[in-house]
Amino acid sequence: MIVKLFVLTYKEKSIKRNLMRSLIIFFLFFLLPSLAFCEKIIIKLRPDTTVEAVLGEVMAKKKYLSNNIYVIQIKKGVDVSKIISHLRGDPRVIYVESIKKGRFKGFDTLETVFSIEGGDYEGQWYLEMMEVQPCWYLSKGQGIVIGLIDSGVDYNASDIQGRILSGYDFGDDDNDPFDLNGHGTMMAHIMVAEKNGYGIAGIAPQAIILPIKINPGGEDTFETDRLVEAIFYAVGHRVSVINLSLVLEEYSEAVRDAIDYALFQGIVVIAAAGNDGLSKVSFPASYEPVISVGSVDEDGTVSLTSNYGMGLDLVAPSGLPGIYTIGLNETVYLARGTSLSAAMVSAICADMLGANDGLTPSDLFNFLKATASHPLVWEILSGYGLVNAKRAVQKALGLPVGEEIPYLSLNLISLFYPFLPYPYFTFDIYQYQYIWIDALRASPAPVDIYLEIFYPDGRSAFLTYGRDGLAQLREERLPLMRGCVFDDLEDFIPVMFLAFSPYDEAMKADMPSGSYVWRMEIIGNGESIEEYLQTFYLFNHY
């Protein structure tokens, strides 16, 4: 009985084992191939036809992108190369191509620890090299949207808070373009990071990023159909600049078509030249209407790894000794490569558009080319030369190019007591008094002027206009003058203000005679340009 049970048990196990083997063989040889991904192609058709009419039964699945462009999955077992060859001879087809690969990372990164303390720009040598800080007196890219087509963005970083819109992840087909790779995050910080005592200062810190992720997960590579779809998405969301810090392995007609559509909509496109050190600019930077950007080192020489040759337009400083930028989880990196160069030029374009939003892609390129530090003609290694933010924005505003930017410098002058030596003026609480604001240096950009009075006992109040048109002291911090533009030197603007009115208000304030201090702050583009502390005397007569 025991033996019989053993034999039955053994037979049951053998049957189960054989059944499992059969299932595995069936899965490997029959079911798995049917589950394999079909090859994809991109096809653009003439408006008077359909994909069903052109492709018939070889099509497994279709996805419409835009402008009669489709991504088609071809059925398993069909020779895709023969299908493409056949379709290229079909008059109903404008173009057809296989899906191609692209990549982001082509630069070296070195993890480090870096902090900017007290507003210092130590380590950001490229800002001075491109004259970025003087540019900020004129524009910081305020409100300009940059479409960052990349690996996504780590939008939790503190110095880009409020600068990142909700985008899309075409690599994983969801609405969360969070970066799992780090490349896109580094580009975002180069462009829009706000100086906050840690990390770096972005070149266009008041611009906005629309993150569009095109890689699956955290991979370094992507496919061209995702890139094409991302470009159309960026156009549909009304970006002003498209940044392509990426390269493709080969030319793509579909990518070119999408770029043409973006340019037609007035969107400037900037791309990285590539980091192979070859005399051939990578696509899509090699496409003529795209602004292609190479790299130079801190000493001004072209980086050894930067691609060059026909199709190169400009260079930006992203070579040795490296550029500090911020990656995932606010980790600081020292990075090099033309991806960073493209991001820099995209940010400068945002600064130019922040100063003059009527500029076309051709205007932006021509102004960048005309204001770059360059030889008299195009040069094979550096194109038209090293981009210069200050001069480019001056050109955008129609200002003399290359001159020192006239930041705003003001002086307060008493109308009633002009004989007192600067910076003092007499102020009597029992009368109206005119104060002249004298622009010693002109500023073509609008500024807000704030005036604050400090009392001997430590209290303070802000001077602002009341409903009666006269200035009044308030606890609320409001500008005395909003949106002022000083076009010329010695541009005098009279401001009438009343310190305490009427008389009972002065009595109620119980302000003793003595020396008081005004603090005048000038705000341009959301950042304090200059501050002045000026003393005045208050004579009480009660």
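Up top is the structure.
Residues numbered from 1 in each chain as written. Predicted model: local features only at pLDDT ≥ 70, side-chain atom pairs only at ≥ 80, totals over all residues. Heavy atoms only, no water.

Draft legend 1. Molecular detail of the overall build of the protein. From N to C terminus, the protein includes twelve helices and 27 strands. Look at the contacts in the protein between residues 6 or more apart in sequence, and 71% of them connect residues 24 or more apart. Of the roughly 25,200 Å² that the protein leaves accessible, carbon and sulfur atoms contribute 55%. (Helix = DSSP H or I, 4+ residues; strand = E, 2+ residues; numbered from the N terminus. Contact = heavy atoms within 4.5 Å. Areas by Shrake-Rupley, 256 points an atom, 1.4 Å probe, with all protein chains shown as cover.)

Draft legend 2. Spotlight on helix α8 (residues 253-264). Between the first and last C-alpha of α8 there are 16 Å, a value that for twelve residues agrees with the 16 Å anticipated at 1.5 Å per step. Buried within α8 we find Ala-254, Val-255, Asp-257, Ala-258, Ile-259, Ala-262 and Leu-263. Near the N-terminus of α8, the side chain that reaches the backbone nitrogen of Ala-254, with its oxygen 3.4 Å away, is that of Ser-252. Gly-266, located one to two residues past α8, shows a positive phi value of around 85°. (Expected span 1.5 Å × (residues − 1). Buried < 20%, exposed > 50% of the residue type's maximum accessible area, 1.4 Å probe, protein only. Polar contact = N/O pair within 3.5 Å; in protein donor to acceptor, adjacent residues only side chain to side chain.)

Draft legend 3. View of the sheet that holds strand β1 (residues 40-45). Read from one edge to the other, the open sheet built from four strands follows the order β2-β3-β1-β4, with strand pairing classed as antiparallel. Both edges of this open sheet fall to β2 (59-66) and β4 (93-98), since each of them pairs with a single strand only. When strand polarity is set aside, the average angle formed by the axes of neighbouring strands in this sheet is 20°. Bridge count for β1 against β4 is five bridges, and the pairing is antiparallel. (Pairing = 2+ DSSP bridges. Axes fitted to C-alpha atoms, helices over the stretch in contact; angles between N-to-C directions.)

Draft legend 4. Seen up close, the packing of helix α9 (residues 338-355) against helix α10 (residues 361-371). Where α9 contacts α10, the axes come no closer than 11 Å and their chain directions differ by 110°. The angle between the axes of α9 and α10 places the two elements in the roughly perpendicular class. Mapping the contact onto sequence places Val-345, Ile-348, Cys-349, Met-352 and Leu-353 in α9 and Leu-364, Phe-367 and Leu-368 in α10. Tallied by class, the residues present in the contact of α9 with α10 amount to eight nonpolar, no polar and no charged. (Parallel < 35°, antiparallel > 145°, perpendicular 65-115°, else oblique. Nonpolar A, V, L, I, M, F, W, Y, C, P; charged D, E, K, R; others polar.)

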